[in-house]
Amino acid sequence: MKVIYTDSLVIGGGLAGLRVAIASMQRGVDTIVLSLIPAKRSHSAAAQGGMQASLGACVKGDGDDEDVHFADTVKGSDWGCDQHVARAFVNTAPKAIRQLAAWGVPWSRVRQGDHEVVINGKKVTLTEKADSHGLIMARDFGGTKKWRTCFTSDGAGHTMLYAMDNKAIQMGIPVHERKEALALIHEDGVCYGAIVRDLITGELIAYVAKATTIATGGYGRLYAITTNSVVSEGIGNAIALETGIATLGNMEAVQFHPTAIVPVGILTTEGCRGDGGLLLDKDEYRFMPDYEPEKKELASRDVVSRRMTEHMRKGKGVPSRYGDHLWLDIRLLGRKHIEKNLREVKEICEYFLGIDPVEALIPVRPTQHYSMGGIRTNATGESPTLQGLFAAGEAACWDMHGFNRLGGNSVAETVVAGMIVGEYVADYCGANAVNISTTTIQHFMKREEKKITALLFRDFGENPFQLKAEMQKIMMDDVGIFRNAADLEKAVEELKVLNQRAKRIALRNRISSSNPELVEAIRVPKMIKLAQCVAYGALLRTESRGAHSREDYPERNDRDWLKRTLTTWTDASADLPELTYEDLDVMKMELPPGSRGYGVDNTFHHPDTAKREQEIEALKRDNPGADRFELQEMLNPITIPDKFKGKNERIGRGFK
Amino acid sequence: MNDQGRILKFQVFRYNPQKKGDKPRMVTYEVTEAPGMTVFIALNDIREHQDPSFQFDFVCRAGICGSCAMIINGQPTLACRTLTSTYENGEIKLLPLPGFELIGDLSVNTGKFMRAMSERVESWIHDADADEVDFHRLEERMDPDVADQIYELERCVECGCCVSACATKRMRPDFLSAVGFVRLARYALDPRDKRSDEEFYEIIGDDDGVFGCMTLLGCEDYCPKDLPHQTQIAYLRRKMALVR
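Rules and cut-offs
- Residues numbered from 1 in each chain as written.
- Chains lettered and ligands numbered in written order.
- Predicted model: local features only at pLDDT ≥ 70, side-chain atom pairs only at ≥ 80, totals over all residues.
- Heavy atoms only, no water.
- Helix = DSSP H or I, 4+ residues; strand = E, 2+ residues; numbered from the N terminus.
- Rg over C-alpha atoms; globule rule 2.2 N^0.38 Å.
- Contact = heavy atoms within 4.5 Å.
- Areas by Shrake-Rupley, 256 points an atom, 1.4 Å probe, with all protein chains shown as cover.
- Lys, Arg positive; Asp, Glu negative; His and termini not counted.
- Charge placed at Lys NZ, Arg CZ, Asp CG, Glu CD.
- Salt bridge = Lys/Arg side-chain N within 4 Å of Asp/Glu carboxyl O.
- Buried < 20%, exposed > 50% of the residue type's maximum accessible area, 1.4 Å probe, protein only.
- Pairing = 2+ DSSP bridges.
- Axes fitted to C-alpha atoms, helices over the stretch in contact; angles between N-to-C directions.

Participant: When you look at the overall build of chain A in this model, what are you seeing that I'm missing?
Facilitator: Counting its regular elements, chain A contains 18 helices and 22 strands. Here the C-alpha radius of gyration of chain A, 24 Å, is about what a compact globule of 656 residues would show, namely 26 Å. By principal-axis analysis of the C-alpha atoms, chain A measures approximately 70 × 55 × 50 Å. Here the analysis covers contacts within chain A between residues at least 6 apart in sequence; of these, 73% occur between residues at least 24 apart. On chain A, roughly 20,800 Å² of surface is accessible, and the fraction owed to carbon and sulfur atoms is 51%. Side-chain charges of chain A comprise 84 positive and 88 negative groups, with the mean position of each set lying 3 Å from the other.

As structure tokens, this is what we get:
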């Protein structure tokens with residue numbers, strides 16, 4: 001049995017995983033990163049538009065600060081997020097971006113003087129201040145009050161990931177590539193690493209560690225059409241679920257991005273609309289102002305995706321062989337702007353659509369994009385139920401996004417969570433030892449070996465590619481943007497059948513080394529379980545919140561549903577997961593539930609909401625001299641490592 | 001594009017070094033073309049419906065991550081964004097990218113090569129203060145044009161097309177190649193990196209570095225991101241020639 005020991009094992013080599021590994025190494029903790037692919041190829045690289053951080057250097061960011069970013073994030077989440085975590089996040093984001101600047105990200109910078117931009121379909125001249133010249137620039141994004149999304153053209157994720165991986169290389173952090181974690185090793189409620197398969201040789205290796213961090217990204221590939229990379233299959237979530245101890249949070253919270261190209265589902269960044277792009281229907285009519293007169297194309301993602309779908313249902317979509325779509329129009333931004341700030345978008349249009357977006361309309365449609373759900377963690381990033389298991393980034397339900405993530409907050413989360421969780425991982429490694437018997441390691445190793453052997457020796461059975469396609473179709477048809485009981489019940493039942501069928505997979509290519517069919521056979525049963533968590537969670541949540549939109553329950557129902565879904569799968573032979581709920585405590589909210597300002601507000605309010613509002617009013621009245629930091633400390637004290645507690649400086653404002 | 005769907009003929013290199021007795025060979029697969037079909041879609045179709053042992057690498061499938069470079073009808077390029085309709089006679093020949101360790105079929109180990117490249121050129125900001133930066137304070141200012149110029153060179157996706165298209169690399173196994181030059185040029189341009197020209201010379205001032213380049217410029221011709229390799233190699237060469 002091959003066993004590799006380390007202190008801090010990180011599964012996933014994207015932005016979040018690398019940042020946790022860097023934090024471990026900085027603290028002198030031995031660390032190894034496992035990755036399916038070379039780290040620089042991780043899906044983090046596909047983030048185009050940018051990273052939110054309230055630096056407030058550009059003129060349209062003037063007046064921005066942590067409080068404004070916090071309010072945007074909480075509203076964006078439809079009050080489904082953990083406000084302590086959201087607060088820790090917004091306070092740390094400016095530090096994260098400045099650290100990345102020092103580590104080499106070539107953020108686009110403010111240029112003093114006049115520049116022309118497009119706002120609400122019209123050309124406007126903005127004048128940047130001389131004293132902001134050379135500081136980090138920001139662009140507009142959906143659901144934000146200020147221009148807060150910092151960027152490098154539309155390759156922000158790429159430059160961030162390159163800087164992060166280069167930092168990891170500088171520090172000598174080993175990344176074991178082409179390795180897949182199959183199962184977590186745990187004993188008495190404590191996690192000690194993972195059983196890992198080498199994707200080239202097929203060898204199984206036990207990686208034994210004090211702390212294990214899962215940073216494997218989202219589960220977009222549960223859907224047939226998604227903007228996500230082909231490795232975003234949720235396997236990190238699934239191996240946590242399969243412990244029967246760790247919980248997954250809010251798995252039904254799945255985001256659809258308004259503008260992926262048709263038919264292939266590749267993303268065109270929200271920056272297209274942030275920079276002034278418009279959405280048009282089959283008559284080339286700009287329809288968003290009719291639905292959302294205030295924010296128009298720059299309403300929150302979930303809102304825009306729903307409005308687009310509604311509009312297409314009215315027969316206003318552009319018919320095509322791949323079904324209806326709408327148009328994204330960035331022609332008005334002009335060639336110079338597109339070739340400088342939207343060049344990835346331009347390349348994608350040229351290669352995949354054969355059009356030049358400077359002159360032609362881009363066919364787009366809302367498409368699966370982001371997983372708000374994931375491994376439930378507390379504010380330190382650790383699973384509340386399985387000690388020693390941490391999660392960060394999209395794989396986690398750390399829960400700063402609730403039921404809808406704002407554009408620009410995902411890469412921001414990866415880095416900020418990596419910083420914060422990384423410190424707690426290092427603390428944990430310092431305070432704990434590996435107390436696990438070889439027998440236990442062997443037990444997990446044997447179990448995984450047995451599963452693979454069974455797959456290799458079964459003569460007849462199901463085709464894993466076929467099962468996956470059926471699952472992806474169910475999720476597309478019945479667990480999409482608009483949901484209802486009938487569709488969801490159907491999905492839940494059909495997925496149960498798939499789950500049973502997935503127990504009888506047989507291979508045509510029966511070798512244990514490098515074998516794509518075996519990889520599929522190992523992953524597909526896990527993916528089906530996750531799909532069941534999403535569909536079942538969506539069926540039981542009888543309200544609409546953020547991206548979870550029920551046609552039969554259109555109201556946001558704070559009274560009964562201001563709670564987080566927790567999913568476990570304790571009995572491996574059961575054909576459904578177990579769901580419980582954890583309440584969000586209104587009396588601890590810095591920003592009590594209110595209206596997001598979209599459409600009609602038909603919220604069923606929580607009885608504590610008015611009480612908390614009065615309490616906050618009284619507290620402000622009783623502390624007339626308190627500044628915003630003191631007020632926040634009274635309303636929403638947060639858990640955060642000491643090194644991130646300092647105030648953030650802004651140009652023209654100092655540390656106020 | 002034909003709605004009926006013509007039959008594409010894929011001639012593909014197959015060899016699994018992990019499998020005892022396996023021999024390199026070319027295998028032909030037929031696929032019915034669909035509208036907008038890319039090589040990514042076609043290869044997955046072959047794997048799912050004809051041969052589940054078929055190895056190749058894709059991640060983003062959007063031309064962003066650099067995983068899927070291979071030789072398509074004699075030219076190195078990104079398979080994910082290559083439309084099958086590009087090839088009028090419907091015949092597509094696929095070979096793994098040369099210059100890299102073969103994993104199997106069309107899959108090569110670019111990751112190992114690129115990590116070694118990054119270590120060799122020390123692909124990070126050299127500044128003792130970078131780790132001590134007080135991130136509560138305003139970031140260091142940068143000229144907006146310089147930031148844009150750095151991004152221009154930072155757009156490399158480490159796909160390896162330049163390496164496979166490089167004649168010098170064929171003759172000199174340790175030749176750094178354009179991917180390494182452009183990375184180094186990116187840091188040489190960056191005011192945050194405090195390395196001197198003498199220090200850069202230590203890395204590329206020999207025949208396995210910038211002086212070995214025969215200037216055939218396959219890198220410039222085949223870079224999927226249209227990076228200015230020619231200019232950068234010339235720039236580095238002049239800069240290095242001035243050092244001694």
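After presenting the structure, the write-up continues.
Participant: Where do I start with the pattern of salt bridges in this structure?
Facilitator: Pairs can form between side chains of opposite charge once their charged atoms are near each other. A full pass over the atoms with the stated rule returns 89 salt bridges over all chains. The closest approach of N and O atoms between Arg541(A) and Glu252(A), which form a salt bridge, is 2.8 Å. Here the residue Arg541(A) occupies a position in the loop between helix H15 (516-540) and strand E20 (549-550), and Glu252(A) occupies one in the loop between strand E11 (248-249) and strand E12 (254-261), the gap between them amounting to 289 residues. No difference in accessibility class separates Arg541(A) from Glu252(A), as the two residues are buried. Note that Asp148(B) is salt-bridged to Lys340(A), the shortest N-O span being 3.4 Å. Within this pair, whereas Asp148(B) is found in helix H3 (residues 144-154), its partner Lys340(A) is found in helix H9 (residues 335-341), the two belonging to separate chains. For Asp148(B), a relative accessible area of 22% gives the class partly exposed. Its relative accessible area of 37% is what places Lys340(A) among the partly exposed residues. Shared partners join several salt bridges into a network, and the residues in it are Asp78(A), Glu252(A), Asp302(A), Arg306(A), Arg541(A), Glu543(A), Arg545(A), Arg556(A), Asp558(A) and Arg596(A).

Participant: Sorry, what's going on with the sheet that holds strand E22 (residues 578-583) of chain A here?
Facilitator: The strands that make up a sheet pair up through hydrogen bonds in the backbone, lying either parallel or antiparallel. All names here are of chain A. The strand order across the open sheet formed by 5 strands is E18-E16-E11-E21-E22, and the pairing between neighbours is mixed. Both edges of this open sheet fall to strand E18 (396-397) and E22, since each of them pairs with a single strand only. Across 6 bridges, the pairing between strand E21 (residues 563-568) and E22 is antiparallel. Each bridged residue has a counterpart across the sheet, and for threonine 568 the counterpart in E22 is glutamate 578. Relative to E22, H15 is tilted by about 55°, and along the sheet it contacts E11, E21 and E22.

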